[in-house]
Amino acid sequence: MLKGKKIILGITGSIAAYKAATLIRLLIRKGAVVQVVMTDAAKDFITPLTLSTLSQRPVLSEPFQGGSGQWNSHIDWAAWADAIVIAPLTANTLAKMANGQADNLLTAIYLAARSPVFFAPVMDVDMFEHPATTKNIHTLQSYGNILIPPDEGELASGLSGKGRMKEPDEIVSLLESFFKKKNRFRGKKVLITAGPTYEKIDPVRFIGNYSSGKMGFALANAFAGQGAEVILVTGPVSLRTACTNIQRVDVSSAREMFDRCMKHFPTSDICIMTAAVADYRPAMPAKQKIKKSDTALSLELTPNPDILKTMGEKKKNRQFLTGFALETRNAKAEAMKKLRNKKLDLIVVNSLKDAGAGFGHDTNKVTLIDKEENIKVLPLMSKEALAGLLTEKIYEYLINKENHAI
Ligand code: C5P
């Protein structure tokens, strides 16, 4: 999988830089071409000579090679790479990347990157747990960059906790699996809904809900990262889309979401509805702002179309339909009813009772139920990890389906 792959290995000033030497050896052994780009601070931890000897190429560090007039074009290097791996990545360089700063060759290459970027934040547990670091990691993930999560354990400072760089062989496995999966959804169109819907009461008010859209966006990134053409129909959220093969369609109300989904549904192979669609909307939104008065106010509500149910009714055999269910009572039984009623292939159930699951969180704890009523209870995990796992599951179902068709 890595034979001939051109990999830029970015190394920053962390004690874990020594692990980069082993990482280079393993990558070279697999046939990859490794170009090391190190920050000045990294040179205090490992010498460029060691790294250039192992990578069999001069190490790059400065945009300009002192005196010689040679320019290391960040644009050319960014275009050259099949993947950029930044390991170890310090809190400092992470913050620069999250803010789009380009004050050295590595951060400039990152900003110009066209290939997938893997990043392995490595630092002491307290720095790791600072909200600024958490925010910066999420920002990079929202750009579509792939987190190589740190391990927990003994740290160089003597403290113990989260912050150790993953072992080089695990990073190599991760890259191998990435390249293996890169194109497996090529030619497939994936329709995803995300976020809340806003149902107009009057020109300044609406009925909405707390959905953040994070799950749907993580799924869009995961499928796009594996070669799918993704249509992401999203209600109002404050998230960004990064991958070029995600077509984002912004909507506000359930009826708008319905219309946009129905346009793409006939040509979609996989549909995943994560949106928290309002079941009802005000029957007659007021044209002017409703004035305050001392008497009670009633709003007449009318049902919204059920996007997923409509899809289930129109579904062709080749199409794979996944719904999400958020229940406060009898979660599994209710979800199974929904699975049958909406003619789904798979339903992802999250219960509001589980800490860290559902609206607004970065993590989710779900149970998967397929149409054969196989039940799989999953542990609490990040929404990105769950998105990755769902690409696996759906891929397996599609392979089985295609085999059946044969
Ligand atoms: O029936 P319930 O709203 O609980 O079903 C949840 C699932 O149905 C989610 O996947 C949600 O995105 C989808 N849904 C929909 N259109 C609606 C209501 C729910 O697509 N109007």
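Residues numbered from 1 in each chain as written. Predicted model: local features only at pLDDT ≥ 70, side-chain atom pairs only at ≥ 80, totals over all residues. Heavy atoms only, no water.

1. Quick notes on the site of the ligand
This is how the line gets drawn: Near residues are defined by distance, with any heavy atom within 4 Å of the molecule or strand qualifying the residue. We call two N or O atoms a polar contact when they sit within 3.5 Å, provided that within protein one can donate a hydrogen and the other can accept it, with sequence-adjacent residues counted only if both atoms are side-chain atoms. Three categories are distinguished: nonpolar for Ala, Val, Leu, Ile, Met, Phe, Trp, Tyr, Cys and Pro, charged for Asp, Glu, Lys and Arg, and polar for the others, with Gly belonging to the last.
The full set of residues close to the ligand is M273, A275, V277, D279, P305, D306, I307, L308, G323, F324, K338 and K342. I307 is positioned such that a nitrogen or oxygen atom in its backbone is 3.0 Å from a nitrogen atom of the ligand. The separation between an oxygen atom of the ligand and a polar side-chain atom of K338 is 2.4 Å. Among the residues making up the shell around the ligand, the classes are represented as seven nonpolar, one polar and four charged.

2. A short note on the packing of helix α10 (residues 254-264) against helix α11 (residues 307-314)
Applicable threshold: Here an angle of 0 to 180 degrees is reported between the N-to-C directions of two axes, which are lines fitted to C-alpha atoms, with helices fitted over the stretch in contact. Helix and strand definitions follow DSSP, with helices as H or I runs of at least four residues and strands as E runs of at least two, each counted in order from the N terminus. Roughly parallel covers angles under 35 degrees, roughly antiparallel covers those over 145, roughly perpendicular covers 65 to 115, and oblique covers all other angles. For any pair of crossing helices, the crossing counts as left-handed if the nearer helix is rotated counterclockwise from the farther one by less than a right angle, and right-handed if it is rotated clockwise. Throughout, a contact is declared for two residues whenever any of their heavy atoms are within 4.5 Å.
Running from amino to carboxyl end, α10 crosses α11 at an angle of 25°, the nearest separation of the two axes being 10 Å. Classified by the angle their axes make, α10 and α11 are roughly parallel. Where α10 crosses over α11, the handedness of that crossing is right-handed. Across the interface between the two elements, A254, M257, F258, C261 and M262 from α10 touch I307, T310, M311 and K314 from α11. Counted by class, the contact of α10 with α11 contains seven nonpolar, one polar and one charged residues.

3. Some thoughts on the sheet that holds strand β13 (residues 229-234)
Through backbone hydrogen bonds, the strands of a sheet pair up, either in parallel or in antiparallel fashion. Where we set the bar: By definition, two strands form a pair when at least two bridges between them are found by DSSP.
Reading across from one edge, β14-β13-β10-β15-β18-β19-β21-β22 is the order of the eight strands in this open sheet, with mixed pairing throughout. Among the strands making up the open sheet, the edge pair consists of β14 (246-250) and β22 (375-377). Strand-to-strand twist in this sheet, taken as the mean axis angle between neighbours without regard to direction, amounts to 15°. Relative to the sheet, α11 contacts β10 (189-194), β15 (270-273) and β18 (320-327), its axis offset from that of β18 by approximately 150°. Set on the sheet, helix α12 (residues 331-341) makes contact with β18, β19 (346-351), β21 (366-370) and β22; between it and β19 the angle comes to about 150°.

4. Focus: the environment of G208
What counts here: A simple rule labels every residue: compare its accessible area, found with a 1.4 Å probe on the protein chains alone, to the largest value its type can have, and call it buried under 20%, exposed over 50%, or partly exposed in between.
Topologically, G208 is positioned in the loop between β12 (205-207) and α9 (214-225). G208 gets classed as partly exposed once you look at its relative accessible area, which sits at 38%. Considering only alpha carbons, one finds G208 and S253, 45 residues apart in sequence, at a separation of 9.3 Å. The residues touching G208, leaving out its near neighbours within four places in the chain, are T197 and Y198.

5. Description of the packing of helix α4 (residues 91-98) against helix α7 (residues 131-142)
Each pair of packed helices can be summarised by the angle the axes make with each other and by the distance between the axes. Two elements in contact, α4 and α7, have axes separated by 9 Å at closest approach and are oriented at 50°. Classified by the angle their axes make, α4 and α7 are oblique. You can see that α4 and α7 cross each other, and the crossing is left-handed. On α7, the residues touching L94, A95, M97 and A98 of α4 are T133, N136, I137, T139 and L140. Among the residues forming the contact of α4 with α7, the class breakdown is six nonpolar, three polar and no charged.

6. A few points about helix α1 (residues 18-29)
Within α1, burial applies to K19, A20, A21, L23, I24 and L27. Buried residues in α1 make contact with β1 (6-11), β2 (33-38), α2 (48-55), β5 (83-89), β9 (160-164) and α8 (168-181). Positioned one or two residues after α1, G31 has a phi angle of 95°, which is positive.

7. Description of the packing of aromatic side chains
For clarity, the cut-off: Each pair of aromatic rings taken from Phe, Tyr and Trp, with Trp reduced to its six-membered ring, is defined by centres within 6.5 Å and is described as stacked if the planes are under 30 degrees apart, edge-to-face if over 60, and tilted in the remaining cases.
Tallying each qualifying case throughout the model produces seven aromatic pairs. Note on W77 and W80: the rings are 5.1 Å apart at their centroids and 80° apart in plane angle, and the pair reads as edge-to-face. On the criterion of helical spacing, the pair formed by W77 and W80 is a turn pair, its members being three residues apart in helix α3 (residues 74-80). The burial state of W77 is the same as that of W80; both residues are buried.

8. Points about the pattern of salt bridges
Selection rule: The working definition used for a salt bridge is a side-chain nitrogen of Lys or Arg within 4 Å of a carboxyl oxygen of Asp or Glu.
Inspection of every chain in the model, using the stated rule, returns 19 salt bridges. Where K30 meets E176, a salt bridge forms, and the shortest distance between an N and an O atom there is 3.2 Å. Here K30, found in the loop between α1 and β2, pairs with E176, found in helix α8; they are 146 residues apart in sequence, far enough to count as distant. Taking relative accessible area as the criterion, E176 reaches 21% and is therefore assigned partly exposed.

9. Section: the domain arrangement of the protein chain
The condition that has to hold: Segmentation into domains, and thus their bounds, comes from an automatic or database assignment. Simply put, the buried area is the total loss of 1.4 Å probe accessible area from both parts when two parts are fitted together.
Parsing the protein chain into structural domains produces domain 1 (6-181) and domain 2 (189-286 + 295-399). Between the C-alpha centres of domain 1 and domain 2 the distance comes to 35 Å. Together domain 1 and domain 2 conceal approximately 710 Å² of surface at their shared face, both sides included; 44% is due to carbon and sulfur atoms. It is Q141, S142 and K181 that lose the most area in domain 1 upon contact with domain 2, and together they represent 60% of the buried surface on that side. At the surface where domain 1 touches domain 2, the tally comes to one salt bridge. Between E392 and K181 there is a salt bridge, and its shortest N-O distance comes to 2.6 Å. The interface formed by domain 1 and domain 2 holds one residue pair in polar contact (both at pLDDT 80 or more) in total. Sorting the residues of the side of domain 1 that touches domain 2 by element identifies α7 and α8 as the ones contributing at least two each.

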